[in-house]
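Residue-level structure breakdown
Spelled out from the first residue to the last, the chains are:
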Amino acid sequence: MNLGDIIGVQGVLFTTQKGEKSIVVKDWEMLAKALEQPPEKFHGLTDQEERYRRRYVDMNVNQEVRERLVRRSKFWQATRDFMNKHGFIEVNIPVLEHTTGGADATPFVTHMNALDEDFYLRISHELPLKRLLGGGFEKVYDIGPRFRNEGVDDEHLPEHIAFESYAAYENYEDGMKLYEEMIKYVAMETWGTLKFNVGGFEIDLDCEWPRVKYADLLREKFDVDVFNPDREQLIRILKENGVETNFDVSEARLIDHVWKLIRKNSAGPYWLIEEPLSLSPLAKKSADNPLVTERFHPIIAGTEMGNGFSELNDPLDQLERFEEQQAARDAGDDEAQMLDMDFVEMLEYGMPPACGWGNSERNFWLLEGVPGREAVPFPTMKSRED
């Protein structure tokens, strides 16, 4: 018999003098014979690439990996419990789309033989869920995979689980209140605390999170006017701070890169609000300032831990913004959104005012204190044949 063999036994259960549960074996049989020897649990499996490639071995010898995956399950179950208690229903929507949108990301492309057509794997849940609002549903959400054909780092995996929700007749003020409560609830249910040390940041979620305006932050940190941007100034700031990117993109994209310089040094928690119209093609304009939108992000430990806004439901305004995005896409911006005429037509039939919100399992990775590949069961790896 070797390490890793799985046997079944029959016998009498008893407790030793030292209090250990034991069995007086009467009969036994081999249930599974291990042809490969697993590492000893005392020494564990330490090579990171081998751990990710043979995750089933990793789970067997590293108990903390199994415990982390149990917490990941609790994280999503707590999200469902919270939303269900607040009157939302879960509706699973398609992964394959003719036109993908709802985020700035490069999609994966696949082909459906039955229809002989190419499809995109969804980059967000947004547009189908908002079609449900147009269909008469008032509170909906979905939890499931989304796919973004981007790089892999501590905060990004091309395939990951995400959550999005939409509530009719609510706005971003309602949303900030609800989702601040949700993040705190999920944290308590998953980890039993609201205090975390993440990447050197001491984070305490147990407070009323302040609200900070996007334009005020960029003016304060870099003297950038987001409403009248100076392209040369933006490029100079990025180069001085060692940002390597394509500088031929729009001013809006450059401003977003400058904002990320601020974000990565922000402990939080706070709500980032009033993002410029040029950066928010699906958000409703502010009634007080038409240059900004009713959009909100929670900033925690240098990361955007979600994205929400009062939804744009004016079909003419939406069409104009889609056309601007499509023009940017045609000019070479692969992350700009596509013109989705079917969605515009849905708005023409009438979609109620609403608040939308989304977050991914990045929230779990962040508060768990591990990179993304460490927090999923089977991280995507480059293929290798033995």
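Residues numbered from 1 in each chain as written. Predicted model: local features only at pLDDT ≥ 70, side-chain atom pairs only at ≥ 80, totals over all residues. Heavy atoms only, no water.

**Considerations on the confidence of the model for the protein chain**
- Across the protein chain, pLDDT averages 93, with 98% of residues at or above 70.
- The secondary-structure element of the protein chain with the lowest mean pLDDT is helix α1 (residues 48–53), recorded at 88, while strand β3 (residues 89–90) shows the highest, at 98. (pLDDT = per-residue confidence, 0-100. Helix = DSSP H or I, 4+ residues; strand = E, 2+ residues; numbered from the N terminus.)

**Side note on the pairing of strand β6 (residues 117–121)**
- Where strand β4 (residues 96–97) lies against β6, two bridges are found, and the strand directions are antiparallel. Counterpart to Leu-96 in the pairing with β6 is Leu-121.
- Pairing of strand β5 (residues 109–112) with β6, which is carried by four bridges, proceeds in the antiparallel orientation. By the bridge assignment, Val-109 is partnered in β6 with Tyr-120.
- Between β5 and the antiparallel strand that follows it, β6, lie four residues; Asp-116 among them carries a positive phi value of about 50°. (Pairing = 2+ DSSP bridges.)

**Topic: the nonpolar core**
- Of all hydrophobic cores here, the largest spans 41 residues; its most connected members are Met-182, Leu-205 and Phe-296.
- The dominant element in this core, judged by the number of residues it contributes, is helix α5 (residues 172–191), at eight residues.
- In this structure, Leu-205 is in contact with Ile-183, Lys-184, Ala-187, Leu-194, Phe-196, Pro-269 and Ile-300, ignoring residues within four places of it in sequence.
- Counting residues in each nonpolar core, the second largest holds 23 residues, with Ala-252, Ile-255, Val-258 and Leu-261 among its members. (Core = buried A, V, L, I, M, F, W, Y, C linked by side-chain atoms within 4.5 Å. Buried < 20%, exposed > 50% of the residue type's maximum accessible area, 1.4 Å probe, protein only. Contact = heavy atoms within 4.5 Å.)

**Comments concerning helix α6 (residues 214–222)**
- Taken residue by residue, α6 has Tyr-214, Ala-215, Leu-217 and Leu-218 as its buried positions. Seen along its axis, α6 keeps its buried residues to an arc of 160°; they face one direction.
- The positive-phi residue at the C-terminal boundary of α6 is Asp-223, with phi of around 55°. (Arc of directions from axis to C-beta.)

**Let's talk about helix α7 (residues 231–240)**
- Regarding α7, the residues found buried are Gln-233, Leu-234, Ile-235, Ile-237 and Leu-238.
- Where α7 is buried, its residues meet α6 and α8 (251–263).
- Here α7 starts with a cap whose side-chain oxygen sits 3.1 Å from the backbone nitrogen of Glu-232, and that cap is Asp-230.
- Just past α7, the residue Gly-242 takes up positive phi, approximately 70°. (Polar contact = N/O pair within 3.5 Å; in protein donor to acceptor, adjacent residues only side chain to side chain.)

**Some remarks on the pattern of salt bridges**
- The tally for this structure, following the rule as stated, stands at 31 salt bridges.
- Two residues, Arg-55 and Asp-58, come together in a salt bridge whose shortest N-O distance is 2.7 Å. With Arg-55 and Asp-58 both in helix α2 (residues 55–61), this residue pair falls three residues apart, about one helical turn.
- Judged by relative accessible area, Asp-58 falls into the buried class, the value being 0%.
- When salt bridges with common partners are traced through the structure, they connect Arg-51, Arg-55, Asp-58, Arg-68, Arg-71, Glu-368 and Glu-374 into a single cluster. (Salt bridge = Lys/Arg side-chain N within 4 Å of Asp/Glu carboxyl O.)

**Re the pairing of strand β15 (residues 307–310)**
- Strand direction decides the pairing type here: strand β13 (residues 295–300) and β15, joined by two bridges, are antiparallel. When the sheet's bridge partners are listed, Arg-295 is paired in β15 with Phe-309.
- Here β15 runs beside strand β16 (residues 354–360); their pairing, made up of four bridges, is antiparallel. Bridging across to β16, Phe-309 finds its partner in Gly-356.

**Focus on the side chain of Glu-368**
- Here Glu-368 lies in helix α11 (residues 362–368).
- At a separation of 2.7 Å, a polar atom in the side chain of Glu-368 contacts the side chain of Trp-191.
- Ignoring any residue separated from it by four or fewer positions in sequence, one finds Glu-368 in contact with Arg-68, Arg-71 and Trp-191.

**Considerations on the packing of aromatic side chains**
- Inspection of every chain in the model, using the stated rule, returns 14 aromatic pairs.
- Ring geometry for Trp-191 versus Phe-196: centroids 5.6 Å apart, planes at 85°, classification edge-to-face.
- Accessibility expressed as a relative area gives 8% for Phe-196, which makes it buried.
- The interplanar angle of 20° and the centroid separation of 5.6 Å between the aromatic rings of Trp-191 and Phe-364 together place this pair among those described as stacked. Of this pair, Trp-191 sits in helix α5 while Phe-364 sits in helix α11, and the two are 173 residues apart along the sequence.
- Taking the relative accessible area as the measure of exposure, Phe-364 reaches 0% and is therefore buried. (Phe/Tyr/Trp six-rings, centres within 6.5 Å; stacked < 30°, edge-to-face > 60°.)

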